[in-house]
Amino acid sequence: MKDPVNFGIVNLPMLSCSVIIIAYNSCDFIPACLKSVRDACEGIDSQIIVLDNGSTEPIIPEIKNFFPEVEWIDSKENLGFGKGCNLAEKHATKPYLFFINPDTIISKNAFREMLKFMEEHPEAGTVGCRILNEDGTLQWACRRSFPTIVSAVSKTIGLAAMFPKSKTLASYNMTYADPDEMIEVDAISGSFFCIRRDVYEKLNGFDEDYFMYGEDLDLCFRTKQMGLKNYYTPVTNILHFKGQSCRTRRWGSYVDFYKAMLIFVKKHKDLYFVPNFLVSFGILFAAFVGMFSRLIPKFWKMFLDLGVVAIWAFFILCYETGVFSTCLDCAGKSDVIIHSGSEDWILAILAVVLNIVFLMFRGEYTVSSLAGEKFLRYLIPLNLLIVGGYSAFRYFTQTPVVDGATTYLPYDSHWITLAVCSSLFIPLALLAWRRIAFWINYFYRIFAKKRHRSILLGGREDSLNNWFDSYNVIPGIEILGCVSSEPEKLSEENRKHLLGPLSDMESICNRTGCRELLVVSNFSGYREEFNMNWLDKLGMCVYLLIGNGKNGNFALVNLKYLR
């Protein structure tokens, strides 16, 4: 064990830090993140480094131009989180490092409070703060214990949730500890934490064997091995709209998570007192259970889709063609079955399995959205390929049916045409029930008064039309229009949604009954100024609206948690 005094900060400059952000397909969210980082860096000797980590949708030049103080690094390939951080850290020059996810908004005092904490605790190697979800609830991953057999099993089968105050069963996420108290922990979250640069470099940075997930656990474990401590402190908050960076690789990120756990177990065998293969078996079991809870949380959608495909399969299996006798007294005449649908059970199973599996891995059952267009363009050719391929195989391998001097083909052009055309029923019916369910839910919320009435603040630069598109609306929210502190500067297309100037908010609220204001954060991170105390007096709830809203790609953040 090394003496932590060797890593003191006596001679280090005060309030000086390098901020490192690893971005992957984060174009919609990083402007708001960088705006909050810029505000938090006021009065601090800071350096901001952003690595665009091989994004398929890279950060556009317009965004980079809005943040000239940022050192931009572009990677042609996705290096993974750990390797990307190590590459960016080589450009760092300050004594403290902050690693921040791009899908976060940080408080204005975040850096200042965390740096003061590090200076007051020379034994600290890393420190993390309170990390909140968009609705203000605590993200339990901001303070963790190292995984054990008991904690992993209890978390997987739900015992940790049933007994949150148990130090044995709920040890992994430490739900038994008061989130308002500073505490030494085994590990903090990689989405936002501070580490001394000399410690980071002595550790050789993140272990690059981890692609995504697990590298923060590993770094904290090695920090403790050096004789330093990892701390959680509630002195400041950040908001993390979790998982935005892995929306475009949902299945890949799921595999990476459990792969990282296996790597961690292999590297740190001393944590466990049972054979390594038993720990690995437990992780694989958790992965299997988690596949259903994470990939298919919206079971009701899957059951309805199964019903739709089953209707088509029933039609195929019941379809029958033949030559039937109509003469009751004709001896020697009998019915000849040319084609029996029961022989096509393989086609029915293929259609059911491939459609449901495809929708599962496209992430359709992880969200409650009822839009549907994003899978329609894939399901039409998929079903044509399934039925067309099966029909072609049957046509060229069939055995003709002989009835006296007449020969019949079970799979003739009539059957093939009918089967292929009917396959379009599957994607169209899947879309149809979603449309019907959407409008039923829409009008139910209106008449039952379950939709929140909200107003947008913004519209000077970016188009607001996405937020008024019926199928892109935020669930449970009815957007009435927009206001602006300078309505004369609104673009022409946004002017049609204008309800009035921000200064008339009181009369607008009285007229519309609205009590929610959604502050639009545009692609430059800009958002219109407003007086939070004045809006509080009006009884308004104020949220920050981040993203473009397309395909549910947005985050709604309650700003009261960042004061």
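Before reading on, note that the structure itself is shown above.
Residues numbered from 1 in each chain as written. Predicted model: local features only at pLDDT ≥ 70, side-chain atom pairs only at ≥ 80, totals over all residues. Heavy atoms only, no water.

### Focus: the overall build of the protein chain
Now for step 1: Of the regular secondary structure elements, the protein chain holds 18 helices and 21 strands.
Now for step 2: The buried share of the protein chain, taken over its 563 residues, is 50%.
Now for step 3: Summarising the internal contacts of the protein chain: among those between residues at least 6 apart in sequence, 76% fall at separations of at least 24.
Now for step 4: For the protein chain, the exposed area adds up to about 26,500 Å²; of that, 59% sits on carbon and sulfur atoms. (Helix = DSSP H or I, 4+ residues; strand = E, 2+ residues; numbered from the N terminus. Buried < 20%, exposed > 50% of the residue type's maximum accessible area, 1.4 Å probe, protein only. Contact = heavy atoms within 4.5 Å. Areas by Shrake-Rupley, 256 points an atom, 1.4 Å probe, with all protein chains shown as cover.)

### Some remarks on the packing of helix α11 (residues 299-318) against helix α12 (residues 345-361)
Now for step 1: Here α11 crosses α12 at 160°, and the two axes come no closer than 9 Å. Classified by the angle between their axes, α11 and α12 sit roughly antiparallel to one another. In this structure, α11 crosses over α12, and the sense of that crossing is right-handed. Two secondary-structure elements touch here, α11 through M302, D305, L306, V309, W312, A313, I316 and L317 and α12 through W345, L347, A348, A351, V352, N355, I356 and L359.
Now for step 2: The residue inventory of the contact of α11 with α12, partitioned by class, reads 14 nonpolar, 1 polar and 1 charged. (Axes fitted to C-alpha atoms, helices over the stretch in contact; angles between N-to-C directions. Parallel < 35°, antiparallel > 145°, perpendicular 65-115°, else oblique. Left-handed = near helix turned anticlockwise from the far one by under 90°. Nonpolar A, V, L, I, M, F, W, Y, C, P; charged D, E, K, R; others polar.)

### Some words on the pattern of salt bridges
Now for step 1: All told, the structure shown has 16 salt bridges when counted by the stated rule.
Now for step 2: Residues R197 and E201 are paired through a salt bridge, measuring 3.2 Å at the closest nitrogen-oxygen approach. Within this pair, R197 and its partner E201 are both found in helix α7 (residues 197-202), separated by 4 residues, close to a single helical turn.
Now for step 3: Accessibility expressed as a relative area gives 21% for R197, which makes it partly exposed.
Now for step 4: Given a relative accessible area of 40%, E201 falls into the partly exposed group.
Now for step 5: One network of salt bridges, in which partners are shared, links K301, D305, E364 and R434. (Salt bridge = Lys/Arg side-chain N within 4 Å of Asp/Glu carboxyl O.)

### Some details on empty space enclosed by the protein
Now for step 1: Under the definition given, this model contains 1 cavity of 30 Å³ or more.
Now for step 2: In this structure, the largest cavity spans a volume of roughly 90 Å³.
Now for step 3: Residue composition of the lining of the largest cavity, by class: 3 nonpolar, 3 polar and 5 charged. (1 Å grid on protein atoms, 1.4 Å probe; cavity = no way out; pocket = protein on both sides within 12 Å on 5 of 7 lines; lining within 4 Å. Points joined across faces, edges and corners; volume = space filled by probe spheres on them.)

### A closer look at the side chain of S36
Now for step 1: Tracing the backbone shows S36 in helix α1 (residues 30-40).
Now for step 2: From its side chain, S36 meets the backbone nitrogen of I106 in a polar contact 3.3 Å long.
Now for step 3: Sequence-distant contacts of S36, defined by excluding residues within four places in its chain, comprise T104, I105 and I106. (Polar contact = N/O pair within 3.5 Å; in protein donor to acceptor, adjacent residues only side chain to side chain.)

### Structural notes on helix α8 (residues 215-225)
Now for step 1: Extensive coverage of α8 is indicated by the burial of 9 of its 11 residues.
Now for step 2: Buried within α8 are the following residues: E215, D216, L217, D218, L219, C220, F221, R222 and T223.

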